[in-house]
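# Observations on the model geometry
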Amino acid sequence: MTITNDIKYIGVNDHQVDLFEGQYDVPNGMAYNSYAILDEKIAIMDTVDAAFTHEWLDNIQNALGSRQPDYLVVQHMEPDHSANIVSFIKAYPNAKIVSSAKAFAMMKNFFGTDFAEKQVVVGEGDTLSLGTHTLTFVTAPMVHWPEVIVTYDSKDKVLFSADGFGKFGALDVEEDWACEARRYYIGIVGKYGAQVQALLKKAAGLDIQIICPLHGPVLMENLGYYLNLYNIWSSYQPEEEGIMIAYTSVYGNTKKAVLQLAEKLKANGCPKVVVNDLARCDMAEAVEDAFRYSKLVLATTTYNAEIFPFMREFINHLTERNFQNRTVAFIENGSWAPMAAKIMKGMFEKSKNLIFAENTVKILSALNEESAAQLGALADELCKEYIAQQDSTANKNDLTALFNIGYGLYVITSNDGKKDNGLIVNTVTQVTNTPNRIAVTINKENYSHHVIKQTGIMNINCLTTDAPFAVFEKFGFQSGRNVDKFADCEPLRSDNGLIFLPRNINSFMSLKVEQYVDLGTHGMFICEITEARVISDRETMTYTYYQNNVKPKPETEGKKGYVCKVCGYVYEGDTLPEDYICPLCKHGAADFEEIK
């Protein structure tokens, strides 16, 4: 495979493996990727699994012809990528090995030598010139081993991403990328979300056109799609709105309750309901679903004064991978002393940002009138927002939505006639109650001000404390004139035709402008309420909460330069250019301050 004029694919497909890393079912095999960069000097990027030594060496020879490689770059020391270092050196004794200091220490453990005479040790920001290609090395500790580096080729704008952006499956099999990449990421890298987020911030400053991972296909198109998924996964946010039910059942009564709940959830408008029998399903698939969807129901029997073993194993998988930012509900079954709900909830005591459902279903051996009613109450609670989102079931005159207005943060949505737009504001006030009027103040420089002045309508989305920083990046750090902020969204719309957000809000109100007040730099829109829906009872996001808990703290320790006051991006250097634009939030030099 030719990736660019100078970069060739020399990896292999493995259809012999049944369990990757001894635990993950891989019915479509695995790809062990390796690459050759051909320039004045030649660099080979990583090796492959030990079972494919000769096939890989043949691939190198076929790609290079009569030439010899100058360097072997080792980005990651897991044996599926490093097993053939010794074989490579035997075949090409004049080549050097380029890797991190920690990787060379691991080579000593694996092979009995650290190749001292061949070492080229690289760290953060170090470069290696091959001629017209210059490789820049970026450290990626704990993504997902401590020695990992990734490599950027500035000529062809290629990121060699180590295990990042990898997936299960050989390259000669067609399958959905996201499904197997999600299972791969959550199973193998999922614990290290903070470290992946740090790497994504580094990558944001690079012009990347191609991603070459160590597993799975080379990514050449629509890179924003893959980067967005990695941002969602590594920040532990739900990828889709929906409810996953995981259960164990001994004699079928818990299963009956689960199936009834699933039907009730669907009837209440839940957009996706997924049911997993933990004793029979692929455990990695069940874990993937728990991270994919926004809500989780756990149903199991009390077993030896504990919980059923498959449920304990499942919850351990979740907590080990930092399961958070979800709603969790419980169904317990017990013939004489039900304890499962208490034990399951206790297993999540160290987990962050979980909302536990108020309703817990208690079954005494089999469903009866009382536990069936509990099941219905749980379905109603879990679907409160879905009921409010659907035109057919929503209460569109729920003026208790007004109680969610405070000195908070809101997303104002509008539409310019061609595309939808959204803007973060903190200036929303109820000004009268007979009739109910809302005042919204917007800076005139914002595109939304221009749109609303023309159209006379808007929606206010009241953000909740579970809103991630990504919401503020999307709606606060870029202009709707230049960016379609809802390009990857399946929109929900109110009666006025405008979008309301599908998650991270507790209510929204549709407004019609009655009066405009010019305040110089800002304009105040005084509006009547044409529709008001309460979506959930979650706490409204205040500006203080955002500053203390959501906005990332800039990592300035030991650094010299300037920090963006809006998003925390750090520019390292003695002088900040006057025309500098923050690569994250797109604010100019005026919004930077010197690191003291």
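Nothing here was measured: the structure is a model prediction, and the numbers come from that model. (Residues numbered from 1 in each chain as written. Predicted model: local features only at pLDDT ≥ 70, side-chain atom pairs only at ≥ 80, totals over all residues. Heavy atoms only, no water.)

Turning our attention to the layout of surface pockets. Within this model, the second largest pocket holds a volume of roughly 950 Å³. Those elements giving two or more residues to the lining of the second largest pocket turn out to be β24 (420-425), β26 (436-443), α14 (447-455), α15 (469-476) and α16 (543-550). The leading source of residues in the lining of the second largest pocket is β24, at five residues. Residue composition of the lining of the second largest pocket, grouped by class: 13 nonpolar, 15 polar and five charged. (1 Å grid on protein atoms, 1.4 Å probe; cavity = no way out; pocket = protein on both sides within 12 Å on 5 of 7 lines; lining within 4 Å. Points joined across faces, edges and corners; volume = space filled by probe spheres on them. Helix = DSSP H or I, 4+ residues; strand = E, 2+ residues; numbered from the N terminus. Nonpolar A, V, L, I, M, F, W, Y, C, P; charged D, E, K, R; others polar.)

The gaps left among the atoms become clear once a water-sized probe is rolled over them. Applying the stated criterion across every chain yields a total of two cavities of 30 Å³ or more. Roughly 150 Å³ of volume is contained in the largest cavity. If you trace the largest cavity, you find 15 residues lining it, with Leu159, Phe165, Leu199, Leu200 and Ala203 closest to the centre. Contributions of two or more residues to the lining of the largest cavity are made by α6 (193-204) and α7 (223-234). No other element matches the five residues that α6 contributes to the lining of the largest cavity. Considered class by class, the residues forming the lining of the largest cavity number twelve nonpolar, two polar and one charged.

Time to look at unusual backbone geometry. Residue His144 is bonded to the preceding Val143 through a cis peptide linkage, with omega at 5 degrees. Along the chain, His144 turns up in the loop between β12 (134-139) and β13 (149-153). Of note, the bond from Thr434 into Pro435 is cis; its omega dihedral lies within 30 degrees of zero at 0 degrees. The residue Pro435 is located in the loop between β25 (428-433) and β26 in this model. Unusually for a residue other than glycine, Asp46 sits at a positive phi of about 70 degrees. A residue is classified by how much of its surface remains accessible, and Asp46, at 0% relative accessible area, is buried. (Buried < 20%, exposed > 50% of the residue type's maximum accessible area, 1.4 Å probe, protein only.)

The residue Asn404 is located in the loop between α13 (384-389) and β23 (410-415) in this model. In this structure Asn404 comes out as buried when scored by relative accessible area, which is 18%. Sequence-wise, Asn404 and Glu490 are 86 residues apart; in three dimensions their C-alpha atoms are separated by 25 Å. The residues contacting Asn404, other than those within four sequence positions of it, are Tyr410, Cys462, Asn506, Ser507 and Thr540. Only 3.2 Å separates the side chain of Asn404 from the side chain of Ser507, close enough to count as a polar contact. (Contact = heavy atoms within 4.5 Å. Polar contact = N/O pair within 3.5 Å; in protein donor to acceptor, adjacent residues only side chain to side chain.)

Attention now goes to the sheet that holds strand β8 (residues 71-73). Strand order in the open sheet formed by six strands is β1-β6-β7-β8-β9-β10, with mixed pairing between adjacent strands. Sheet topology places β1 (7-9) and β10 (119-121) at the edges, where each strand pairs with a single neighbour. The average undirected angle you get between the axes of adjacent strands in this sheet is 25 degrees. Both β8 and strand β9 (residues 96-99) contribute to a ladder of three bridges, which runs parallel. Looking across to β9, one finds that Val73 is bridged to Val98. Across the sheet, helix α1 (residues 53-64) touches β1, β6 (35-38) and β7 (42-45), and the angle it forms with β7 is around 150 degrees. (Pairing = 2+ DSSP bridges. Axes fitted to C-alpha atoms, helices over the stretch in contact; angles between N-to-C directions.)

Contact geometry of helix α5 (residues 177-189) with α7 gives a least axis separation of 12 Å together with a crossing angle of 35 degrees. Of the two elements, α5 crosses α7, and the hand of that crossing is right-handed. On α7, the residues that touch Trp177, Ala178, Ala181, Arg182 and Tyr185 of α5 are Tyr225, Tyr226, Leu229, Tyr230, Trp233 and Ser234. Here the residues of the contact of α5 with α7 are counted per class, giving nine nonpolar, one polar and one charged. (Left-handed = near helix turned anticlockwise from the far one by under 90°.)

Take the nonpolar core next. Ranked by internal contacts, the top residues of the largest apolar core, which has 93 residues, are Ile44, Leu298 and Phe314. The leading source of residues in this core is α5, at eight residues. Apart from the residues lying within four places of it in its own chain, the contact partners of Phe314 are Met244, Ala246, Leu278, Met283, Ala286, Val287, Ala290, Leu296 and Leu298. Counting residues in hydrophobic clusters, the runner-up holds 31 residues, among them Val411, Phe469, Phe475 and Met541. (Core = buried A, V, L, I, M, F, W, Y, C linked by side-chain atoms within 4.5 Å.)

With that settled, consider the pairing of β9. Bridge count for β9 against β10 is three bridges, and the pairing is parallel. What sits directly across from Val98, in β10, is Val120. Once you follow β9 into helix α4 (residues 101-111) and on to β10, the crossover reads as right-handed. (Right-handed = clockwise from strand over helix to strand, strands pointing away.)

This brings us to the sheet that holds strand β14 (residues 158-160). Here five strands make up an open sheet; going across it, the order is β11-β12-β13-β14-β15 and the pairing mixed. Edge positions in the sheet fall to β11 (127-129) and β15 (210-212), since each has one partner strand and no second. Strand-to-strand twist in this sheet, taken as the mean axis angle between neighbours without regard to direction, amounts to 20 degrees.

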